Amino acid sequence: MIYDLYTTISIYMFVNFICTLVLGITWYKTKGKYEGIFFVLVDFVFQSIGLTLASLQSSVSPIISVVLANTLMYVGSIFLLFGVAKFVNVKLKKYPFVIISILFVTLYSVFTLYMPNTNIRLIIFTFMIIPIFLYVIAVVLFKADVNHRKFSFHVVIAHLLFAINHGFRAFTGINNMKSMAYEQIHQQESALIITSLLLMVYLTFAVIQMIDMKLLFELDESVEYTKSLLSKSQYLAYTDGLTEIPNRRKVEEALDNEIDIYKKFGRVFSVLMIDIDDFKRFNDLYGHDYGDYILMEVAKYLRQDLRTQDVIGRWGGEEFFVVLPDTNLVNAKAVGEKLIKKISSANFDHNDVNEKVTISIGCSDVKASDTKNTIIKNSDVALYNAKENGKNRMEFI
């Protein structure tokens with residue numbers, strides 16, 4: 001089927017208007033979010049206006065239908081280049097493109113108004129626009145970061161195909177140098193314009209995909225950041241800031257969990273209430289800096305000698321609380337004695353102060369009638385007894 005060029009241009013113009021409308025809606029919905037999309041839209045608008053003016057060759061001056069029309073399409077491609085560059089966060093110098101735009105207008109004017117030759121104009125347009133397409137490819141592949149290269153993959157492919165298509169146009173012009181009216185160029189030019197039409201549709205969806213991929217990437221980053229904040233918030237909510245072990249809230253949750261397991265499955269557990277002996281004396285003699293050091297070191301030593309499933313937390317002040325799952329009173333006593341020995345044999349040397357530290361422990365195991373409050377109270381009473389009976393020891397209830 002043979003198409004005259006005006007019909008082909010009219011079809012191209014109609015499709016280009018549709019693509020411009022689609023991209024315009026996309027720009028409006030993402031307005032202000034990403035740099036460069038407006039420049040890409042300007043290209044589509046210029047292409048549409050240029051094609052419209054080109055279709056009016058029979059009724060308007062060549063200055064408008066040829067020179068202005070093709071200048072708009074050429075300058076539009078430069079806007080597209082700058083739009084893609086802005087989108088992928090690459091800066092380009094403007095003045096070289098101003099110079100080549102002036103050169104384009106000059107050459108097109110000469111071979112339209114003074115030495116009219118359609119094929120030479122085609123060759124000029126092609127050989128000046130192909131480097132723009134290749135520059136878009138170079139900006140994405142060699143100057144953009146890895147993520148933006150992924151986002152812009154189809155934009156690169158579209159420009160590569162545009163460059164190939166225009167290469168065929170140049171080949172057509174070189175092999176048909178006889179000056180003739182634009183509408184008399186053979187069918188091959190129509191086929192190339194139809195190919196450009198299809199590529200324009202592809203480029204439209206490539207740009208939309210580029211935007212969508214960046215949106216999805218940022219959404220994923222936002223989700224990961226939110227997860228990170230949530231994890232950090234949970235850590236802060238359940239961790240003692242000084243000793244970096246669980247706080248009372250976490251320990252109470254662990255205690256509630258063990259009570260539930262005991263009631264459902266009969267698995268016993270024990271608890272240890274631990275207090276640093278004479279802690280006030282250290283603060284009074286050496287200041288709170290040394291007192292904080294003792295708290296951190298005691299927490300470290302206690303944690304080192306407990307199992308993975310055991311839960312230790314700072315109960316308040318100089319007190320610590322340990323939940324020992326699947327542990328009866330006999331085994332809990334062995335754990336407590338080991339902790340007392342560990343602390344009493346350690347050196348607490350800090351800022352030229354070296355003191356011995358001891359702990360007292362109150363121990364209680366779960367009983368059928370126990371609640372969380374009675375378990376805590378029993379261990380607290382046992383701790384009181386340990387203090388009354390000389391400290392650095394362990395008592396049971």
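Procedures and definitions
Residues numbered from 1 in each chain as written. Predicted model: local features only at pLDDT ≥ 70, side-chain atom pairs only at ≥ 80, totals over all residues. Heavy atoms only, no water. Helix = DSSP H or I, 4+ residues; strand = E, 2+ residues; numbered from the N terminus. Rg over C-alpha atoms; globule rule 2.2 N^0.38 Å. Buried < 20%, exposed > 50% of the residue type's maximum accessible area, 1.4 Å probe, protein only. Contact = heavy atoms within 4.5 Å. Areas by Shrake-Rupley, 256 points an atom, 1.4 Å probe, with all protein chains shown as cover. Lys, Arg positive; Asp, Glu negative; His and termini not counted. Charge placed at Lys NZ, Arg CZ, Asp CG, Glu CD. Pairing = 2+ DSSP bridges. Axes fitted to C-alpha atoms, helices over the stretch in contact; angles between N-to-C directions. Salt bridge = Lys/Arg side-chain N within 4 Å of Asp/Glu carboxyl O. Parallel < 35°, antiparallel > 145°, perpendicular 65-115°, else oblique. Left-handed = near helix turned anticlockwise from the far one by under 90°. Nonpolar A, V, L, I, M, F, W, Y, C, P; charged D, E, K, R; others polar. Core = buried A, V, L, I, M, F, W, Y, C linked by side-chain atoms within 4.5 Å.

K.L.:
Describe the overall build of the protein, and please don't skip the residues or the numbers.
P.N.:
The helix and strand tally for the protein stands at 13 helices and seven strands. In terms of overall dimensions, the protein is more spread out than a globule: its C-alpha atoms have a radius of gyration of 40 Å, far above the 21 Å expected for 397 residues. Here the C-alpha coordinates of the protein stretch approximately 115 × 55 × 30 Å along the principal axes. Per-residue burial over the protein gives 47% buried out of 397 residues. Counting only contacts in the protein whose residues sit at least 6 apart along the sequence, the fraction spanning at least 24 positions is 72%. Carbon and sulfur atoms make up 61% of the accessible area of the protein, which totals about 20200 Å². Positive and negative side-chain charges in the protein, numbering 39 and 39 respectively, have mean positions lying 7 Å apart.

K.L.:
Go over the sheet that holds strand β3 (residues 319-325) with me, naming the residues and quoting the values.
P.N.:
Spatial ordering of the open sheet is given by β2-β3-β1-β6-β7, a layout of five strands whose pairing is mixed. Strands at the two margins of the open sheet, each flanked by one partner only, are β2 (311-316) and β7 (394-396). The sheet shows a mean angle of 20° between the axes of neighbouring strands, taken without regard to direction. Contacts from helix α13 (residues 372-388) reach β1 (269-276), β2, β3, β6 (359-365) and β7 within the one sheet, and its direction differs from that of β6 by about 145°.

K.L.:
A description of the environment of Y95 should follow, citing residues and the corresponding values.
P.N.:
Locating Y95 in the fold gives a position in helix α4 (residues 95-114). Distance in space between the C-alpha atoms of Y95 and T106 is 17 Å, their sequence separation being 11 residues.

K.L.:
Just give me the short version of the pairing of β6, but keep the residues and values in it.
P.N.:
Across the seven residues that make up β6, a large majority, seven, are buried. Burial along β6 is two-sided: the residues I359, I361, C363 and D365 and S360, G362 and S364 are all buried. Both β1 and β6 contribute to a ladder of seven bridges, which runs antiparallel. Bridge pairing links S270 to D365 in β6.

K.L.:
Could you give an account of the pattern of salt bridges, naming the residues involved and the relevant values?
P.N.:
In this structure the tally under the stated criterion is 18 salt bridges. Where E224 meets K227, a salt bridge forms, and the shortest distance between an N and an O atom there is 3.9 Å. Linking E224 with K227, this pair stays in helix α8 (residues 187-238), spanning three residues, or about one helical turn. Measuring nitrogen to oxygen at the nearest pair gives 3.1 Å for the salt bridge that ties E297 to K300. Pair noted here: E297 and K300 are both in helix α11 (residues 288-304), with a separation of three residues, about one helical turn.

K.L.:
Describe the packing of α11 against helix α12 (residues 329-344), with residues and values.
P.N.:
With their axes 10 Å apart at the nearest point, α11 and α12 run at an angle of 140° to one another. The orientation of α11 relative to α12 falls into the category oblique. Crossing geometry of α11 relative to α12 is assigned as right-handed. Within the contact between the two elements, α11 uses V298, Y301, L302 and Q304 and α12 uses L339, K342 and I343. Residues of the contact of α11 with α12, tallied by class, amount to five nonpolar, one polar and one charged.

K.L.:
A description of the nonpolar core should follow, citing residues and the corresponding values.
P.N.:
Ranked by size, the top nonpolar core spans 56 residues in total, and within it Y74, V155, L203 and V207 carry the most contacts. Of all elements in the fold, only α1 (5-29), α2 (37-54), α3 (62-87), α4, α5 (118-143), α7 (153-174) and α8 reach the threshold of two or more residues within this core. Ranked by residues supplied to this core, first place goes to α5 with 11 residues. Here L203 is in contact with F44, L80, V155, A158, H159 and F162, once residues within four sequence places are set aside. Residues L306, I343, C363 and M394 belong to the second largest nonpolar core, which totals 31 residues.

Read these as geometric descriptors, not functional statements.
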